[in-house]
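An overview of the molecular structure
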Amino acid sequence: MSSSDSQPRFGQSVKGLLSDKVGSCSGDVIALTRQVLKGSRSQELLGQAARNMVIQEDAILHSEDSLRKMSIITTHLQYQQEAIQKNVEHSKNLQDQLRHLLK
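Let us look at the structure shown here. Nothing here was measured: the structure is a model prediction, and the numbers come from that model.

What to know about the overall build of the protein
Helices and strands together make up the secondary structure of the protein, namely 1 helix and 0 strands. Evaluated residue by residue, the protein yields a buried proportion of 0% over its 103 residues. When the accessible surface of the protein is totalled, it reaches about 9700 Å², and 61% of it is carbon and sulfur.

Here's the deal with the pattern of salt bridges
One pass over the full model with this rule turns up 4 salt bridges. Taking the shortest distance from any N to any O, the salt bridge between Asp65 and Arg68 comes out at 2.4 Å. Pair noted here: Asp65 and Arg68 are both in helix H1 (residues 2-102), with a separation of 3 residues, about one helical turn. Its relative accessible area of 46% is what places Arg68 among the partly exposed residues. The salt bridge involving Asp65 is made with Lys69; its shortest N-O contact spans 3.3 Å.

Side note on a nonpolar patch on the surface
A cluster of nonpolar side chains, namely Leu98, Leu101 and Leu102, defines an oily patch on the protein surface of about 390 Å² accessible area. With respect to the helices and strands, the residue Leu101 is situated in helix H1. For Leu101, a relative accessible area of 68% translates into the label exposed.

What counts and how
- Residues numbered from 1 in each chain as written.
- Predicted model: local features only at pLDDT ≥ 70, side-chain atom pairs only at ≥ 80, totals over all residues.
- Heavy atoms only, no water.
- Helix = DSSP H or I, 4+ residues; strand = E, 2+ residues; numbered from the N terminus.
- Buried < 20%, exposed > 50% of the residue type's maximum accessible area, 1.4 Å probe, protein only.
- Areas by Shrake-Rupley, 256 points an atom, 1.4 Å probe, with all protein chains shown as cover.
- Salt bridge = Lys/Arg side-chain N within 4 Å of Asp/Glu carboxyl O.
- Patch = residues over 30% accessible without salt bridge, like charges linked within 9 Å, V, L, I, M, F, W, Y side chains within 5 Å.

If you want it as structure tokens, here you go:
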């Protein structure tokens, strides 16, 4: 009888171990699924970051081009200012000469 009594206990302990293993495997599958989803999300975030970087690069290139154009415009404005100053000085000299002639 003791062997027949131990038979159900052994079966139940095997079932218990099997149940524990299934639970452990289920937990592992859930953890693996979370990790895969996290990796997928990371890939998605990296893709978004790359797209944002391209947009920023375009903005930087556009800004660089604008700064170059503004530098050229500034140089031209400086030339024009110098020319105007020379003309003003020349105009003053002409006014002085006219005053001197009219006296």
